[in-house]
Amino acid sequence: MKQIITTAIFLFSLSIMAQKPCEYSVNVTDSIGTYKETKEYMISEKNFAGNASYIYYSLANTDGTPSLNVQLIQKSKGFIKVNCFDKNSKLYLQLNNGKIVTLVHIDQENCGTTIRDVKGFDNRVNSGVFLFLKDNFEELKKSPVSLMRIKYLTETEDYVMKKEFKSELNNEIYYPETYFVENLKCVE
């Protein structure tokens, strides 16, 4: 019996120690308020026929209000289609448990900016800030995400969330499916 209890305590302590600490790129408190933002994390990467696209997430907390910052980067020598965020844009997350979580975009239109690099590639960078709805926040902490749908001003795009992938850009391994399960605690 003692061995069972000792083993249970050991396994429990391992699970507590296994939780990674929160890493912030910004953590400021001043006379205006508080702002915390986690480091950017790659969620999606596509490379095909000289075109590349990347999606990064970071979580933020502004004076107690959690939000999701989404940054889309497209790289091409050809034409890059413009997708704009506006007040009606939404981000839908389908969870592995079948539930769908909706995040709403802030009331700010953004079509991004294009920058030409020294190799002749056009790089379009577009960022959006999405707010969590109170009733769905808890669901994201429990279940991995299987699909992400972004509703832009004029169209909708779907992204399948991989369990794991190795980035061609930086050779790091990412786990987009469990991003919220592992990181929401950082902005509560």
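You'll find the structure just up there.
One numbering rule holds for all chains: residues counted from 1, following each sequence as written. Side-chain atom pairs in this predicted model are given and counted only at pLDDT of 80 or more, local residue features only at pLDDT of at least 70, and totals for whole chains, interfaces and linings cover all residues. As a convention, hydrogens and water are excluded, and side-chain values are obtained from all of the structure's heavy atoms.

Visitor: Is there a simple way to think about the packing of aromatic side chains in this case?
Guide: For any two aromatic rings, the description comes down to two numbers: the centre-to-centre distance and the angle of the planes. When the centres of two rings from Phe, Tyr and Trp lie within 6.5 Å, Trp using its six-membered ring, the rings pair. Their planes under 30 degrees apart give stacked, over 60 give edge-to-face, and anything left gives tilted. Using the criterion set out here, one finds ten aromatic pairs in the structure. Aromatic side chains phenylalanine 85 and tyrosine 152 sit 5.4 Å apart centroid to centroid with 35° between the ring planes, which places their arrangement in the tilted category. One end of the pair, phenylalanine 85, is in the loop between strand 5 (65–76) and strand 6 (90–95); the other, tyrosine 152, is in the loop between strand 10 (145–151) and strand 11 (156–160), and 67 residues separate them in sequence. Judged by its relative accessible area of 0%, phenylalanine 85 is buried. Here phenylalanine 132 and phenylalanine 137 contribute two aromatic rings whose centre-to-centre distance is 5.2 Å and whose plane-to-plane angle is 85°, an arrangement assigned as edge-to-face. Feature note: the residues Tyr41, Tyr57, Phe132, Phe137, Phe165, Tyr174, Tyr179 and Phe180 constitute an aromatic cluster, connected by ring pairs. Over the ring of phenylalanine 121 we find lysine 75; its NZ or CZ atom is 5.3 Å from the centre of that ring. Helix and strand definitions here come from DSSP, where helices need a minimum of 4 consecutive H or I residues and strands a minimum of 2 consecutive E residues; each element is numbered from the N-terminal end. Summary of the burial criterion: residues with accessible area below 20% of their type's maximum are buried, those above 50% are exposed, and those between are partly exposed, where the area comes from a 1.4 Å probe applied to protein chains only. Here, over-ring charges are defined by two tests on the NZ atom of lysine or the CZ atom of arginine: distance to the ring centre within 6 Å, and angle to the ring normal within 35 degrees.

Visitor: Where do I start with the state of the cysteines in this structure?
Guide: Working definition of a disulfide: a covalent bond connecting the sulfur atoms of two cysteines. Sulfur atoms of two cysteines make up a disulfide when they are within 2.5 Å. One pass over the full model with this rule turns up two disulfides. Here cysteine 22 is linked by a disulfide to cysteine 186, with a sulfur-sulfur distance of 2.0 Å. Here the disulfide of cysteine 22 and cysteine 186 is left-handed, its torsion about the S-S bond being about -90°. With cysteine 22 in the loop between helix 1 (2–18) and strand 1 (24–29) and cysteine 186 in the segment after helix 3 (179–183), this residue pair connects regions lying 164 residues apart in the sequence. What makes cysteine 22 partly exposed here is its relative accessible area of 29%. Relative accessible area serves as the criterion here: at 2%, cysteine 186 is assigned to the buried category. The disulfide that involves cysteine 84 links it to cysteine 111, with 1.9 Å between the sulfurs.

Visitor: Is there a simple way to think about unusual backbone geometry in this case?
Guide: With glycine set apart, most residues show a phi of negative sign, and most peptide bonds adopt trans. The backbone phi angle of alanine 49 is positive, close to 50°, even though this residue is not glycine. Tracing the backbone through its elements, the reader meets alanine 49 in the loop between strand 3 (41–48) and strand 4 (51–62). Overall, alanine 49 belongs to the exposed group, its relative accessible area being 65%. Of note in the backbone geometry, aspartate 63 takes a positive phi value of approximately 50° without being a glycine. Along the chain, the position of aspartate 63 falls in the loop between strand 4 and strand 5. The partly exposed category is assigned to aspartate 63, whose relative accessible area is 48%.

Visitor: What am I meant to see in the nonpolar core here?
Guide: Generally speaking, nonpolar side chains in soluble globular proteins are found buried as a group. Within this scheme, the nonpolar core is defined by two criteria: the residues are buried Ala, Val, Leu, Ile, Met, Phe, Trp, Tyr or Cys, and they are joined through side-chain atoms within 4.5 Å. Residues Tyr57, Leu68, Leu91, Leu93 and Phe180 are the most contacted members of the largest nonpolar core, which totals 34 residues. Per-element tally for this core: the top contributor is strand 4, with six residues. If sequence neighbours within four positions are ignored, leucine 68 has contacts with Tyr57, Ser58, Leu59, Leu91, Leu103, Gly128, Val129, Phe130, Phe132, Tyr179 and Phe180. We call two residues contacting when some pair of their heavy atoms lies within 4.5 Å.

Visitor: Mind showing me how you'd approach the side chain of aspartate 86 here?
Guide: Here aspartate 86 shows up in the loop between strand 5 and strand 6. When charges are counted, neither His nor the chain ends are considered; positive counts come from Lys and Arg and negative counts from Asp and Glu. One speaks of a salt bridge when a side-chain nitrogen belonging to Lys or Arg is within 4 Å of a carboxyl oxygen belonging to Asp or Glu. Nearest to the buried, unbridged aspartate 86 among oppositely charged side chains is lysine 151, at 5.4 Å. Aspartate 86 has contacts with His105, Ile106, Gln108, Glu109 and Leu153, leaving out every residue within four places of it along the chain.

Visitor: Where do I start with the environment of serine 167 in this structure?
Guide: By the secondary structure assignment, serine 167 is in the loop between strand 12 (165–166) and strand 13 (173–174). According to the relative accessible area criterion, serine 167 is buried, its value standing at 1%. Sequence separation between serine 167 and tyrosine 54 is 113 residues, and the spatial gap between their C-alpha atoms is 9.9 Å. Among residues more than four places away in sequence, those in contact with serine 167 are Met42, Glu45, Glu172 and Tyr174. A distance of 3.0 Å separates a polar atom in the side chain of serine 167 from a polar atom in the side chain of glutamate 45. Nitrogen and oxygen atoms within 3.5 Å of one another constitute a polar contact, given that in protein one can donate a hydrogen and the other can accept it, and given that sequence-neighbouring residues count only through two side-chain atoms.

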